[in-house]
Amino acid sequence: MDLPQKRKRISYELTNSQTSSREAAPSSSTNGQAGGFVEGSILRITMRNFLTYDHSEVFPGPKLNMIVGANGTGKSSIVCAICLGLAGKTAVLGRGDKVGLYVKRGCSKGSVEIELYRASGNLIITREIQVENNQSTWMLNKKHTSQKAVEEAVKELHIQVGNLCQFLPQEKVGEFAKMSKIELLEATEKSVGPPEMYEFHCELKTFRSKERDLEVIRELQMRMIYTAEEKYTVKKSNYSSNVVSSNSALRPSQFLTMTVDADERRQLEEQLRAAQRQVQSIDQRMAAIREQQAKLDRRDNELRANKKKLSELKGKKRQLEQKISTKQDSLRQMEQNEINLQAIEEETNAKIAAVNNKKVAIMEEYLGHMQVCLCSPKLDFYPQLFCILWIQGLTILECFTRTLVVEEYNRREREIQNMEKELDDKTNALTTYRQNIAEAKERWLNPLKQLVDQINERFSDFFRSMQCAGEVDLHSENEEEYDKYGIRIRVKFRSSTQLHELTPHHQSGGERSVSTMLYLMSLQELNRCPFRVVDEINQGMDPVNERRVFDIVVRTACGVNTSQYFFITPKLLQNLKYAEQMTILCVHNGPYMLPPHKWSEKAFIRRAKRRQIP
């Protein structure tokens, strides 16, 4: 806090333009400009208990505003007021990270009010900052509102205090040369490009990312080659053109491992027919004891029914064999294509192993039944019954196994069809994305190239006028990678050297400042933003370059088709060339300064003239 015995320090800015906000506010005109102000230009900045100021009002002009004052007087405080008053983040300024730190020391709250020109009626934004909780309250045209509403209003006027191509505070001057080519392109698009240019760029990057994901599905062109013992897989990527091969041992065959010898089968069938004839003969002889053999008769009837079913199963078996042969041919054909069945094969092997366990259980059950039949004293005269049961079990088991194979094959075929459908859908989506990319690229790239050419033309002219050389170009290592596009700045300050890319290390501090300033001036006549702020960028320049840059700034920023420009500097060279369109804002600070409402420009001029009279 200030000591009681000291006078309260008051500071203000002197301007040679307007004297009050009511007098300064220009009326609207048919072309969206009035008095040279463009839509979104700053008409007034009012600060209360803000940094070095108790109360001060600043009235900028519509063109070049030169804010001059000794170090520590509060020039950069005006820059901070513009940023925070227009809903900018404290990180943009590179100073205090808490907004409460921008309130004058010893005060509990401070405020910033900014009046912006609008053809439909000026917009007044008020921000009151509370020190205790680092919170802010907002007003639009004296009505309370939210920060989001203020941000939207500022955005509609194309104001971007977070864009270094529009708003370059003192602490961020060195960061301009550190921007990557990609960051510089995006900042330039937002600053001077048409509103849709950056949107198209973002769409292209999104489309390309999705296209890259879809390409992965089609990139892996798989080829499989089989030998008796191994499987060889070859994968080739269309995107990277890399080829990778691998081999793996084939697993032992587990399909239809149970076989029946054909000769043995014929013998068993002959025995079956003989047994059937003997059974008929025995039935005739045992007519007298049918009552005792009722169970055996029922068993005989069951065998007859099984025989009929066996005949039907044999017919179905032949049909299944034909289908299986056809499906196997199809499988072999698909294995030569790019479908990878390895995962399906592993899953199927596990299921077949479970089926094999069931085969064993079924066989044990049949053997149990046969053992009971063979050991029964009533069936001693049926020696051929064992053969019948054995043949029946083998046949049913074989048909059961073949049925499982067919079902498994059908399941695989459905999965393959689903995969093919999914692949078709992805291919169609990929085609759609590529069409969207082609359309968005045409809408984005051609205007961007024209914009960069215009920037390069001005940038080269500026450097040529300084007897140096500079170029700006659109840089991309791969035309299809839209997130890698960038703007490259190359400069040379001596005739004996080559053009070098602007970096934080290759050029000197003064050369980087000159390059930064001239790039920003190259954007000035292309401006879509209503104002631009550059704080003390001339520090480190040698007098020759500083004078040349100043001349370029005055000539460009005071042109007909340019917007508002704030140039902050602690000093100026002597005998510089000024323009009538310039506004000089002199910042003074001290205990004897008058408050704004007591200041009179006319009285100051009268006193100055009287002092000049001998």
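Keep in mind the model is a prediction, meaning the values are calculated, not measured. (Residues numbered from 1 in each chain as written. Predicted model: local features only at pLDDT ≥ 70, side-chain atom pairs only at ≥ 80, totals over all residues. Heavy atoms only, no water.)

Notes on a positive patch on the surface
Cut-off, in case you're wondering: Each patch is built from salt-bridge-free residues with over 30% relative accessible area, joining like charges within 9 Å and nonpolar side chains (Val, Leu, Ile, Met, Phe, Trp, Tyr) within 5 Å. Computed by Shrake-Rupley with a 1.4 Å probe, the accessible areas treat only the displayed protein chains as cover when residues are assessed. In the sections that follow, a salt bridge refers to a side-chain nitrogen of Lys or Arg positioned within 4 Å of a carboxyl oxygen of Asp or Glu. Two residue types count as positive, namely Lys and Arg, and two as negative, namely Asp and Glu; His and chain ends fall outside the count. The location of each charge is read from NZ of Lys, CZ of Arg, CG of Asp or CD of Glu. What counts as a helix is a DSSP run of H or I of at least four residues, what counts as a strand is a run of E of at least two, and both are numbered from the N terminus. Only protein chains enter the calculation, and the probe is 1.4 Å; a residue is then buried if its accessible area is under 20% of its type maximum, exposed if over 50%, and partly exposed in between.
A surface patch of positive charge is lined by K602, R606, R607, R610 and R611. Within the element layout of this structure, K602 appears in helix α14 (residues 601–612). With a relative accessible area of 66%, K602 lands in the exposed category.

So, the side chain of S522
This is how the line gets drawn: Two N or O atoms count as a polar contact when they lie within 3.5 Å, although within protein this holds only if one can serve as hydrogen donor and the other as acceptor, and sequence-adjacent residues are included solely when both atoms are side-chain atoms.
On the secondary structure map, S522 appears in helix α12 (residues 509–524). One polar contact links the side chain of S522 to the main-chain amide nitrogen of F459, over a distance of 3.3 Å.

Side note on the confidence of the model for the chain
Our working definition: What pLDDT reports is the predictor's confidence in each residue, on a scale of 0 through 100. The contact definition used throughout considers only heavy atoms, calling two residues in contact when any of these lie within 4.5 Å.
Here the chain averages 76 in pLDDT, and 68% of its residues register 70 or above. Taken as a whole, residues 1–25 scores under 50 in pLDDT and shows 69 contacts with residues more than four places along the chain or in a different chain. Counting contacts from residues 254–258, a segment whose pLDDT is below 50, to residues more than four positions away or on other chains yields 14 contacts.

Observations concerning the packing of α12 against helix α13 (residues 543–557)
Definition in use: All axes here are fitted lines through C-alpha atoms, helices being fitted over the stretch that makes contact, and every angle between N-to-C directions spans 0 to 180 degrees. Note on terminology: angles under 35 degrees are roughly parallel, angles over 145 are roughly antiparallel, angles of 65 to 115 are roughly perpendicular, and the others are oblique. For this scheme, ten residues count as nonpolar: Ala, Val, Leu, Ile, Met, Phe, Trp, Tyr, Cys and Pro. Four count as charged, namely Asp, Glu, Lys and Arg, and the remainder, Gly too, count as polar.
Contact pair α12 / α13: the axes reach a minimum separation of 10 Å and the direction vectors enclose 10°. Viewed along their axes, α12 and α13 adopt a mutual orientation that is roughly parallel. Here α12 contributes V514, M517, L518, M521 and Q524 to the contact with α13, which in turn contributes N545, V549, I552, V553, T556 and A557. Of the residues that constitute the contact of α12 with α13, the class distribution is eight nonpolar, three polar and no charged.

Quick look at the pattern of salt bridges
Per the counting criterion, the structure on display carries 18 salt bridges. As a salt-bridge pair, K181 and E501 come within 3.2 Å of each other at their nearest N and O atoms. Here K181 is found in helix α6 (residues 181–192), whereas its partner E501 is found in strand β15 (residues 500–501), with 320 residues between them in sequence. Linking E471 and R490 is a salt bridge whose minimum nitrogen-to-oxygen distance equals 2.9 Å. Pair noted here: E471 is in strand β13 (residues 469–475) and R490 is in strand β14 (residues 486–492), with a separation of 19 residues, a long-range link. Among the charged side chains, a salt-bridge network with shared partners connects R44, E113, E115 and K142.

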